[in-house]
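The lines below spell out each chain.
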Amino acid sequence: MKKRKRPEMKVIIRNLFFVFLILFIAFIVFFVVNFKPFNVTTINNINLRGELEKVTVFEGIDSEFIQTGKTYKFKVKNVYTDIFNTKVNEDVKPNLIKVKVTTKGVKDKVKIKNNSIKVSDSIVSGSRVDVIVSYNNLSKSYSYSIKDNLSEEIDKNMVITNPNDYDAVVNKKRHLSSDYRPDDLVEANVDYAQSNLSVRPLRKEAALALERLFEDAQRDGYKFYALSGFRSYDMQVGIYKNNIAQYGSEKKANLYSAKAGESEHQLGLSMDVTTKEVGFRLTEGLGDTDAGKWLAKNCYKQGFIIRFPKGKEKITGYNYEPWHVRYVGKTLAKVIHDNDLTLEEYFEEKQ
C-alpha cells in the first residue's frame, strides 16, 4: 500500500497567503463602505475624513459671578469629530443665538444684544440672574450671582462713592466721607440695652429687618437687645480715642475699633446686639452661647450677616465680633452665609 504524500510546505504557505489576502481585501472593502475614509470635509482649514459626527455645545460665562457694568457673551459651537478622532470647532453666528433673562424684577435691568448681556449698576449685589440661551431647537440654562466691581466705587482718596447702597463695603481701605449721614434713619421697635438715643437708629429697611430678626429669635426662645447702631463720624473720633486709652496702643485698638470714616456703623446698617446671659456686654463669649450660635446660623434669613466672623480676622482687619450684625439684604446675606464668606471675600475679583 502506497503512503499518501504530505502537502509540501510551499503549498501550505501559498494557501495561507490567499486566505489572508481575501480577508484583507474583505476588511478594506468593509472599511471603505462603512467609514468612507476617502471622503474629506474641510472645516476651519482642517481636513476631516470619513463619517462625521456633529455635536452642538453652548459656552456660557466661566464664573458663578458676574459684575455690574460689564458685557458678557455667550457662544454656541458645532464640534465635529471624524473616525480618526479629529475634532474641530465651528462658531455659530452670534445673531442666531437667542438670550432671554427669566428672573423677575431683573429683566429691565439687563441689556441684551444678540448673544451678550450687560447688567445695570442699579442691581444689588447678591441678586440672581437666570438666563436661557437657545439655538434652533436647543437651549441651556445659566444662573449667576451679581456683584459690583469695588474698584469702580472708590475715589482717589479711598472714599467710597456708593454709601447709600445696602452692599456698600467700608473697611480700613475703603472709607466714608466725614459728612456722610443716611437720611432715612429710624429707631427700630426692639428692646435696647442702651440709654443713648443717638446710637439707636438704623436705616429704615435695616430697622424693620432687625425687628423681624428679634421676633424670629424670641419665637425660638432667645431674647436679644440692641446696643449700638448708627454712629456719626464725629462720635467715632471719640470712641476710637477711648479705645486707644483702653487697649494701651493704637495698634491694639485697631483690632477692636475703627477709625472715624472706617466704621460701617456710620452707614446706619450695623447693630451691635447682646443678651442678658452675657451681662448685656459686647463679648466674644456671646458666640459660645446658644443665642449667639442661633444668631450666626439664622440672621441671614432677615438680611443680616456676622460682619466679623471667627477665623477671618486677616481678611476683615478686626477681631471676631459675634455681636456685630450688618444688613446687606436677604439675597446677598444668603450667598455670604451659604458660602462662608465675608463681604471682602464676596467682592474679591474672580474674573
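This text gives an overview of the structure that appears in the document. It should be emphasised that the depicted structure is a prediction, and the values quoted were computed from it without experimental measurement.

## Considering the overall build of the chain
When helices and strands are counted, the chain shows eight helices and 18 strands. For 351 residues, the compact-globule estimate of 2.2 N^0.38 gives 20 Å, and the C-alpha radius of gyration of the chain, at 34 Å, exceeds that figure by more than 25%. Over its C-alpha atoms, taken along the principal directions, the chain stretches across nearly 130 × 55 × 40 Å. Sorting the 351 residues of the chain into buried and exposed places 44% on the buried side. A sequence separation of at least 24 residues applies to 60% of the contacts in the chain between residues at least 6 apart. Counting every atom, the chain has about 20400 Å² of accessible surface; 51% of that belongs to carbon and sulfur. Averaging the coordinates of the 56 positive side-chain charges in the chain and doing the same for the 45 negative ones gives two points 12 Å apart.

## Let's talk about the sheet that holds strand 16 (residues 270–274)
Hydrogen bonds along the backbone pair up the strands of a sheet, which may run parallel or antiparallel. A sheet is described by the order of its strands in space; here four strands give the open sequence 15-16-18-17, paired in antiparallel fashion. The sheet is open, and its two borders are formed by strand 15 (225–228) and strand 17 (304–308), each paired with just one other strand. The mean inter-strand angle of the sheet, taken between neighbouring strand axes irrespective of direction, is 45°. Judged from the three bridges that link them, strand 15 and strand 16 form a sheet pairing that is antiparallel. Paired with Y225 across the bridge in strand 16 is T274.

## Details of the sheet that holds strand 12 (residues 138–147)
Ordered by their spatial adjacency, four strands build an open sheet running 4-12-11-8, and the pairing between neighbours is mixed. Unpaired on one side and paired on the other, strand 4 (65–67) and strand 8 (98–101) mark the two borders of the sheet. Averaged over all pairs of adjacent strands, the angle between strand axes in this sheet comes to 40°, irrespective of strand direction. Taken together, the eight bridges between strand 11 (residues 128–135) and strand 12 define a ladder with antiparallel strand orientation. If you follow D130 over to strand 12, its bridge partner there is S143.

## Description of the pairing of strand 2 (residues 46–49)
As judged from the four bridges shared by strand 1 (residues 40–43) and strand 2, these two strands associate in the antiparallel manner. From the neighbouring strand, I43 faces strand 2, where its bridge partner is I46. Connecting the antiparallel pair strand 1 and strand 2 is a turn made up of two residues, with N44 showing a positive phi of about 50°.

## Details of helix 7 (residues 330–338)
Buried within helix 7 we find L332, A333, V335 and I336. Angularly, the buried residues of helix 7 cover 160° about the axis, an arc narrow enough to put them on a single face. Where the residues of helix 7 are buried, they touch strand 12, strand 17 and helix 8 (343–347). Looking one or two residues beyond helix 7, the residue adopting positive phi is D340, at roughly 55°.

## What to know about the environment of E187
The residue E187 is located in the loop between strand 13 (185–186) and strand 14 (202–203) in this model. Remark: the alpha-carbon pair of E187 and A168, spanning 19 residues in sequence, is separated by 21 Å. Within the structure, the side chain of E187 is placed 3.2 Å from the side chain of R200, a separation counted as a polar contact.

Rules used throughout
- Residues numbered from 1 in each chain as written.
- Predicted model: local features only at pLDDT ≥ 70, side-chain atom pairs only at ≥ 80, totals over all residues.
- Heavy atoms only, no water.
- Helix = DSSP H or I, 4+ residues; strand = E, 2+ residues; numbered from the N terminus.
- Rg over C-alpha atoms; globule rule 2.2 N^0.38 Å.
- Buried < 20%, exposed > 50% of the residue type's maximum accessible area, 1.4 Å probe, protein only.
- Contact = heavy atoms within 4.5 Å.
- Areas by Shrake-Rupley, 256 points an atom, 1.4 Å probe, with all protein chains shown as cover.
- Lys, Arg positive; Asp, Glu negative; His and termini not counted.
- Charge placed at Lys NZ, Arg CZ, Asp CG, Glu CD.
- Pairing = 2+ DSSP bridges.
- Axes fitted to C-alpha atoms, helices over the stretch in contact; angles between N-to-C directions.
- Arc of directions from axis to C-beta.
- Polar contact = N/O pair within 3.5 Å; in protein donor to acceptor, adjacent residues only side chain to side chain.

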